[in-house]
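# Coordinate analysis (summary)
Letter by letter, the chains look like this.
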Amino acid sequence: MRYVSTRGTAPVLSFEEAMLTGLARDGGLYLPETIPTLTAETIAGFRGKPYEDVAFEVMLPFIGDTFTNDEFREIIDAAYSGFGHAARAPLVQLGSNHFLLELFHGPTLAFKDFAMQLIGQLFQKALARSGQRVTIVGATSGDTGSAAIEAFRGLDAVDVFILFPDGRVSDVQRRQMTTPTESNVHALAVEGDFDTCQAAVKDMFNDFEFRDGVRLAGVNSINWARVLAQVVYYFTSSVSVGAPDRAVSFTVPTGNFGDIFAGYIAKQMGLPIEKLVIATNQNDILHRTLQTGAYTTEGVLPSISPSMDIQVSSNFERALFYAYDQQGSAVAEQMSALKDTGEFKISQGAYENLKDTYASGRVSEDETSAMIAQAKAKMGELLCPHSAVGVKVALDHQSATPMITLATAHPAKFPAAVEAASGLHPPLPDRMADLLEREERMTRVPGELAAIQSIIRERIAH
Ligand SMILES: *Cc1c(COP(=O)(O)O)cnc(C)c1O
């Protein structure tokens with residue numbers, strides 16, 4: 001399996017190279033040259049199987065000869081062994097034809113663990129074999145950073161630097177990043193918002209001297225291996241509500257478009273997905289894009305669902321690549337317009353393609369709180385604010401097709417917002433009950449590339 005860039009001019013890579021690289025050298029994102037398909041019989045055979053078995057079958061065609069079958073199976077088993085639920089991604093019914101996919105039973109209580117725990121194991125195996133050392137740098141609006149730190153803490157071949165917007169993540173999110181004691185973990189509190197952090201990471205990858213000098217590796221949601229890990233639960237959940245014999249739809253609380261894009265890959269692999277519904281908070285650039293065909297950035301408004309407080313949605317580039325029938329030059333043109341003017345307009349044909357696959361909805365702050373209260377009272381579910389955004393949009397898109405809404409974080413990760421909305425304080429699971437007492441360790445940095453790069457150089461020199 002070979003991987004190509006969405007902008008068409010970067011070197012073609014193997015799975016291992018694409019995984020270790022992250023961002024392509026032409027600024028694009030890696031995608032498989034062709035998407036393998038599974039037969040209806042194979043998909044039907046997933047019913048009732050352990051999560052790890054399905055993960056192996058769904059991901060194997062994408063990894064080429066990077067690992068032997070036995071190695072890959074070990075990687076998967078190790079990745080999900082620390083989850084707090086035997087099903088890994090259990091499905092609960094909320095109402096008639098409406099289901100909630102709980103993706104928050106991993107070590108940091110958000111769906112990011114599905115990808116990050118796998119990537120930690122993939123990196124460890126690949127680096128141990130080659131004797132290399134890498135520096136992982138990632139930007140986070142909260143959940144990616146804690147999931148990355150949890151996945152890489154203590155690994156010898158890796159230093160991990162996480163940039164998060166100072167003061168704009170929840171206490172639980174921050175503490176998950178600042179309390180690990182391993183010396184290869186570096187939490188950097190950056191002056192600015194998530195887009196400042198994400199731009200700094202992108203600029204570091206585009207600074208080839210720095211990139212090669214520190215052997216930079218990326219694990220942000222642009223990393224193909226992360227998208228791949230997320231494809232699996234579209235299969236496990238769909239088959240338990242009747243796929244492949246009947247179609248299903250998904251509603252996905254969306255920011256950087258990684259999670260929902262994994263649903264698109266599942267669909268291309270043969271899963272009968274009718275609609276993928278984008279759910280946004282008040283930072284609604286993706287909803288506006290779907291409604292108008294124009295992608296126009298505005299400022300970011302902090303919300304009670306902070307992991308979706310984003311205006312530059314990186315993985316949307318992958319959706320555009322397919323909407324433009326895999327023409328890298330068209331994608332490159334749009335991305336350069338975005339860089340120069342803060343917006344681009346999608347051509348009519350590509351816009352129609354997007355609308356065939358995706359629908360969208362936007363949820364205000366008040367509606368989010370009301371949904372948390374309503375879900376508790378009427379459905380018996382205490383939702384995190386992100387999942388509440390998803391459930392609200394899903395209710396607005398109900399049809400005869402079963403709808404699965406992705407619950408992206410545990411309510412205890414966002415206790416203030418959940419308590420304000422419902423009057424209930426969501427307790428942390430026992431295994432992390434002492435988080436609020438552990439000692440914190442972080443470095444404050446200005447939101448400037450040079451300052452951040454010099455801290456990284458200095459730290460890895462030791
Ligand atoms: C990251 C995150 C999202 C957004 O996911 P994307 O893949 O960036 O679209 C939604 N909810 C939570 C809790 C998250 O951590």
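Residues numbered from 1 in each chain as written. Predicted model: local features only at pLDDT ≥ 70, side-chain atom pairs only at ≥ 80, totals over all residues. Heavy atoms only, no water.

## With respect to the site of the ligand
- Neighbouring the ligand are 15 residues; K112, D143, G255, N256 and T408 lie closest to it.
- In the model, an oxygen atom of the ligand is placed 2.8 Å from a nitrogen or oxygen of the N256 main chain.
- Coverage of the ligand by the protein chains reaches 97% of its 380 Å² of free accessible surface.
- In terms of residue class, the shell around the ligand is made up of five nonpolar, seven polar and three charged. (Near = heavy atom within 4 Å. Polar contact = N/O pair within 3.5 Å; in protein donor to acceptor, adjacent residues only side chain to side chain. Areas by Shrake-Rupley, 256 points an atom, 1.4 Å probe, with all protein chains shown as cover. Nonpolar A, V, L, I, M, F, W, Y, C, P; charged D, E, K, R; others polar.)

## Concerning the UniProt feature "domain: Threonine synthase N-terminal" (unreviewed entry) in the protein
- When the UniProt feature table is mapped to this numbering, "domain: Threonine synthase N-terminal" (unreviewed entry) covers residues 2-80.
- Here residues 2-80 runs as 42% helix and 8% strand, with 27 Å between its end C-alpha atoms. (UniProt positions renumbered as here; feature names shortened; annotations may be inferred. Helix = DSSP H or I, 4+ residues; strand = E, 2+ residues; numbered from the N terminus.)

## What to know about the nonpolar core
- Within the largest apolar cluster, 113 residues are counted, with the highest numbers of intra-cluster contacts made by F123, Y234, F235, F261 and Y358.
- With 11 residues, the single largest contributor to this core is helix α10 (residues 224-240).
- Contact partners of Y358, with chain neighbours within four places excluded, come to F257, I260, F261, Y264, K275, L276, I278, L290 and A319.
- Counting residues in each nonpolar core, the second largest holds 23 residues, with L29, A139, V190 and I456 among its members. (Core = buried A, V, L, I, M, F, W, Y, C linked by side-chain atoms within 4.5 Å. Buried < 20%, exposed > 50% of the residue type's maximum accessible area, 1.4 Å probe, protein only. Contact = heavy atoms within 4.5 Å.)

## A look at the UniProt feature "modified residue: N6-(pyridoxal phosphate)lysine" (unreviewed entry) in the protein
- UniProt annotation of "modified residue: N6-(pyridoxal phosphate)lysine" (unreviewed entry) refers to K112 when read in the numbering used here.
- Turning to its location among the elements, K112 is positioned in helix α5 (residues 112-130).
- Setting aside anything within four residues of it in sequence, one finds K112 in contact with D143, T144, A147 and R226.

## Examining helix α14 (residues 328-341)
- Its 14 residues give α14 an end-to-end C-alpha distance of 20 Å, which sits within 8% of 20 Å, the value for a rise of 1.5 Å per residue.
- Taken together, the buried positions of α14 are occupied by G328, A330, V331, Q334, M335 and L338. Buried residues in α14, looked at end-on, bunch into an arc of 160°, giving them a common side. Across from the buried face of α14, at angles greater than 90 degrees, the exposed residues are S329, E333, D340 and T341.
- Buried residues in α14 make contact with β11 (294-296), α13 (316-323) and β12 (343-345).
- Just downstream of α14 lies G342, where phi reads positive at about 80°. (Expected span 1.5 Å × (residues − 1). Arc of directions from axis to C-beta.)

## Let's talk about the packing of aromatic side chains
- According to the stated counting rule, one finds 23 aromatic pairs in the structure shown.
- Pairing Y3 with W224 gives two aromatic rings, centres 5.9 Å apart and planes at 45°, and the pair type is tilted. With Y3 in strand β1 (residues 3-5) and W224 in helix α10, this pair connects stretches of sequence that are 221 residues apart.
- A network of ring pairs unites the aromatic residues F257, F261, Y264, Y295, F316, F321, Y322, F344 and Y358 as a single cluster. (Phe/Tyr/Trp six-rings, centres within 6.5 Å; stacked < 30°, edge-to-face > 60°.)

## What to know about the side chain of Q198
- Its place among the elements puts Q198 in helix α8 (residues 194-206).
- According to the relative accessible area criterion, Q198 is buried, its value standing at 6%.
- Here the side chain of Q198 touches S314 through a polar contact of 3.0 Å, side chain to side chain.

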